[in-house]
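Listed here are the chains, written in short residue letters.
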Amino acid sequence: MQEKENHSKITVSNVSTWYGAQAVLKDINMKIRERAVTGFIGPSGCGKSTFLRCLNRLNDLVNYFRIEGEITLHGENIYSPDTDVVLMRRKIGMVFQQPNPFPMSIFDNVAFGPREHNRRINKKELEDIVEESLKKANLWNEVYLKLNDSALNLSGGQQQRLCIARVLAVMPEIILFDEPCSSLDPASTAKIEELMTELKNSYSVVVVTHNLGQAKRISDYIGFFLNGRLVEYGPAPEIINSPREKVTSDYLEGNFG
Ligand SMILES: Nc1ncnc2c1ncn2[C@@H]1O[C@H](COP(=O)(O)OP(=O)(O)OP(=O)(O)O)[C@@H](O)[C@H]1O
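Everything quoted here is computed from the prediction, not taken from an experiment. (Residues numbered from 1 in each chain as written. Predicted model: local features only at pLDDT ≥ 70, side-chain atom pairs only at ≥ 80, totals over all residues.)

A. Structural detail: helix α6 (residues 156-168). Along its 13 residues, α6 runs 18 Å from first to last C-alpha, staying within 8% of the 18 Å computed at 1.5 Å per residue. By the criterion of burial, α6 is predominantly enclosed, with 12 of the 13 residues buried. For α6, the complete set of buried residues consists of G157, Q158, Q159, Q160, R161, L162, C163, I164, A165, R166, V167 and L168. Those residues of α6 that are buried are in contact with β6 (92-95), α3 (106-117), α4 (123-136), α5 (140-143), β7 (174-178) and α7 (186-199). (Helix = DSSP H or I, 4+ residues; strand = E, 2+ residues; numbered from the N terminus. Expected span 1.5 Å × (residues − 1). Buried ≥ 20, exposed ≤ 12 C-beta atoms within 10 Å, placed from the backbone. Contact = placed C-beta atoms within 7 Å.)

If you want it as structure tokens, here you go:
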């Protein structure tokens with residue numbers, strides 16, 4: 001079946017990675033589509049998080065990490081020595097497994113990035129960005145009367161939506177989610193899934209998930225990783241209903257992992 005033409009934002013070419021002597025990712029090639037949810041699945045330890053973190057160079061923080069190959073955003077290699085890493089990470093935001101709000105007010109959490117970006121931003125501009133970001137993260141109605149309260153007093157699910165608002169406030173193009181619901185209850189999980197589905201109208205969303213049900217519910221494209229290789233990648237209905245590889249169907253049927 002011919003794949004529907006869709007613009008891609010990120011192109012990954014021949015990416016292999018190592019932690020010290022341990023090879024983790026092996027020759028990964030893929031294009032990540034614009035305005036779609038791309039889900040990465042696979043058993044524990046297969047390299048999904050490592051790969052996600054390659055997409056905004058978070059592994060740079062590990063000094064024994066090494067990468068070969070190329071990852072381009074709009075045709076520019078993000079691993080080029082000329083890359084402004086701070087600017088690149090603003091375009092490619094990340095939401096982590098554990099909600100990690102800063103120990104400051106709800107307002108200041110969302111205002112943090114825009115203030116860093118533009119020291120002379122005025123109060124009204126900042127208030128508008130905070131309101132808009134909280135609305136896009138479906139949190140505004142729950143917090144607009146207590147913007148000066150500590151973010152740490154919010155529930156886990158609210159904290160995760162605050163972290164999403166914090167990413168949105170710096171106007172990213174791509175949002176990476178690393179198992180964003182693994183610490184949340186089913187109701188909070190449903191809200192984050194709904195939000196990811198809404199966000200794809202304006203952003204490219206990439207999500208690592210252990211939860212196959214979640215991958216099936218929200219993904220437009222799915223990549224199945226095993227032992228550091230991208231075994232299969234394509235439109236979600238094809239991967240779910242007629243995977244090419246037997247190992248993919250075994251995983252989807254819950255036979256391992
Ligand atoms: N900072 C690190 N230092 C050394 N090894 C690491 C580091 N992070 C991950 N690894 C190793 O790399 C391999 C892939 O891990 P990774 O977390 O990317 O897999 P994963 O598929 O996301 O797993 P999980 O689903 O359990 O989170 C594992 O063997 C892991 O131990």
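B. Spotlight on unusual backbone geometry. The residue E179 is not glycine, and still its phi comes out positive at about 45 degrees. As for its position among the elements, E179 is in the loop between β7 and α7. At N227, a residue that is not glycine, the phi angle is positive and equals roughly 50 degrees. Secondary-structure assignment places N227 in the loop between β9 (221-226) and β10 (229-235).

C. Representation of the sheet that holds β7 in the model. Reading across the sheet, the six strands line up as β6-β7-β8-β3-β9-β10 and stay open at both edges, with mixed pairing between neighbours. Edge positions in the open sheet fall to β6 and β10, since each of these has one partner strand only. Each neighbouring strand pair of the sheet contributes to a mean axis angle of 15 degrees, computed without reference to strand direction. As judged from the four bridges shared by strand β3 (residues 37-41) and β9, these two strands associate in the parallel manner. Looking at the pairing, G39 lines up with I222 of β9. Packed onto the sheet, α7 meets β3, β7 and β8 (204-208) and runs at close to 145 degrees relative to β8. (Pairing = 2+ DSSP bridges. Axes fitted to C-alpha atoms, helices over the stretch in contact; angles between N-to-C directions.)

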